[in-house]
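Notes for the structure review
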Amino acid sequence: MRLVVRLGGSVVASPINTDLMGEYADLIKTVKAEGHEVAVVVGGGALAREFIKVARDLGLQMEAQDEVAISVSRIFAQLFLKRLGECGCGKVALTLDDAADCLGEGKVVVMGGLKPGITTDAVAALVAERIGADLLVKGSDQEGVYDKDPRKYPDAVKLDRLTFDEFSKIFEGTVHTAGIHQIIDPEAIKVLKRHRVKVIVANGFKPENILSAVKGEKVGTVIS
Ligand code: UTP
């Protein structure tokens, strides 16, 4: 299968967790060795948000804030790519063309941010669209999608399965701001809905959840 793995910066980079990054790299190698084609999109986490704040404090506009966050995510992508070794591409993919070329060479794609005004989730969705992915798995800092924000509401209920439209209803009205944190970006879901790419949002602190998702086992929240 063609698979996009979205590694939340909130998972591997807030604080930076090298053990977890290493575990993910080994896991991606396994998935690749099983014959799957894989693209990994890494976020910038807390460090990206620190730089967004620096840019904001300097009086820079949102676009510049986004640009520094993208640079940070690309450093994490670079580290991840180096740790992957041989099975990864020669360099971090900076464009969707880079991503497609890298996959064409039979290598694992690794990228961070792409352009201002979006999130890394949207990047993962655009990559999924570009390469015709069958599945996008997001390793998030929660167990999946809830009916309301579980960090604010203790009675929030985790949803096992929902349609793209049901998802969009829950997140109606959110707009992009630099550093916005969502379980998965509704803009990404719009792209994925258009191309009917199945999405699984699961707890990224347990890398084995990615394997479960690939095997079709019940994990996290399935959006389809
Ligand atoms: P994300 O919020 O997408 O990454 O990017 P993350 O740290 O992995 O987040 P979680 O784990 O899903 O919460 C951080 C910020 O970088 C900018 C945006 O400001 C975004 O909020 N960004 C990222 C872009 O502007 N363009 C991109 O292509 C990617």
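All residue numbers here refer to positions counted from 1 along the written sequence of the relevant chain. Selection of residues for local features in this predicted model requires a pLDDT of at least 70, selection of side-chain atom pairs for listing and counting requires 80 or more, and totals for whole chains, interfaces and linings are taken over all residues. Calculation of side-chain values draws on the structure's entire complement of heavy atoms; hydrogens and water are dropped beforehand.

**Some details on empty space enclosed by the protein**
- The method works on a 1 Å grid over the protein atoms by themselves. A cavity is a set of points holding a 1.4 Å probe that cannot get out, a pocket is an open set with protein on both sides within 12 Å along at least five of seven lines, and residues with an atom within 4 Å of a point line them. Grid points are joined across faces, edges and corners, and a volume is the space filled by probe spheres set on the points. Counting across every chain of the model gives 1 cavity of 30 Å³ or more.
- Considering only enclosed or pocket space, the largest cavity measures out at about 430 Å³ in volume.
- Lining the largest cavity are 34 residues, with Arg-6, Arg-49, Thr-119, Thr-120 and Ile-180 sitting closest to its centre.
- To qualify as a helix, a DSSP run of H or I must reach at least 4 residues; to qualify as a strand, a run of E must reach at least 2; elements of each kind are numbered from the N terminus. Elements with a minimum of two residues in the lining of the largest cavity: α1 (9-12), α3 (45-57), α4 (62-84), α6 (120-131) and β4 (135-140).
- For the lining of the largest cavity, the residue count by class is 9 nonpolar, 17 polar and 8 charged. Amino acid classes used here: Ala, Val, Leu, Ile, Met, Phe, Trp, Tyr, Cys and Pro are nonpolar; Asp, Glu, Lys and Arg are charged; the rest, including Gly, are polar.

**Some remarks on the environment of Ala-46**
- Among the secondary structure elements, Ala-46 is positioned in helix α3.
- Considering only alpha carbons, one finds Ala-46 and Ala-13, 33 residues apart in sequence, at a separation of 6.6 Å.
- Only heavy atoms enter the contact rule, under which two residues are in contact if any of them lie within 4.5 Å. Apart from the residues within four sequence positions on either side, Ala-46 is in contact with Ala-13 and Ser-14.

**Overview of the layout of surface pockets**
- In this structure, the largest pocket occupies an estimated 250 Å³ of space.
- Looking at the largest pocket, it is lined by 15 residues, and the ones nearest its centre are Lys-148, Asp-149, Arg-151, Phe-171 and Ile-183.

**Let's talk about the site of the ligand**
- Taken together, the neighbourhood of the ligand is formed by 27 residues, with Gly-9, Ser-10, Arg-49, Asp-66 and His-181 sitting nearest.
- Contacts to the ligand include Arg-49, whose side-chain N or O atom sits 2.6 Å from an oxygen atom.
- Polar contacts, as used here, are pairs of N or O atoms within 3.5 Å; protein pairs need one atom able to donate a hydrogen and one able to accept it. Residues neighboring in sequence count only if both atoms are side-chain atoms. At a separation of 2.6 Å, a nitrogen atom of the ligand approaches a polar backbone atom of Lys-115.
- Surface accessibility in these figures is a Shrake-Rupley result with a 1.4 Å probe; residues are shielded only by whichever protein chains are displayed. For the ligand, the accessible surface in isolation is 600 Å², of which the surrounding protein chains cover 98%.
- Occupancy of a cavity or pocket is assigned to a molecule whenever over half of its atoms lie within 2 Å of that pocket's grid points. Of all the cavities here, the one that holds the ligand is the largest cavity.
- Every element with two or more residues in the shell around the ligand is listed here: α1, α3, α4 and α6. Put simply, a residue is near a molecule or strand once any heavy atom of it comes within 4 Å of that molecule or strand.

**Side note on unusual backbone geometry**
- The linkage connecting Ser-14 with the following residue, Pro-15, adopts the cis geometry, with an omega of 5°.
- Its location among the elements puts Pro-15 in the loop between α1 and α2 (18-33).
- Even without being glycine, Arg-196 reaches a positive phi, approximately 55°.
- Among the secondary structure elements, Arg-196 is positioned in the loop between α8 (186-194) and β6 (198-203).
- Classification of Arg-196 by relative accessible area gives exposed; the value is 59%. Between buried and exposed lies partly exposed: a residue is buried under 20% and exposed over 50% of the maximum accessible area for its type, with that area taken using a 1.4 Å probe on protein chains only.

**Observations concerning the state of the cysteines**
- When two cysteine sulfur atoms are found within 2.5 Å, that pair is recorded as a disulfide. Counting across every chain of the model gives 1 disulfide.
- Two residues share a disulfide in this structure: Cys-89 and Cys-102, whose sulfurs sit 1.6 Å from each other. Judged by the sign of its S-S torsion, about 115°, the bond between Cys-89 and Cys-102 is right-handed. Here Cys-89 is found in the loop between α4 and α5 (96-104), whereas its partner Cys-102 is found in helix α5, with 13 residues between them in sequence.
- Residue classification places Cys-89 among the buried residues on the basis of a relative accessible area of 8%.
- With relative accessibility at 4%, the residue Cys-102 sits in the buried group.
- Residue Cys-87 stays outside any disulfide, its sulfur separated by 9.6 Å from that of Cys-89, the closest cysteine.
- What makes Cys-87 buried here is its relative accessible area of 17%.

Nothing here speaks to function; it is geometry throughout.
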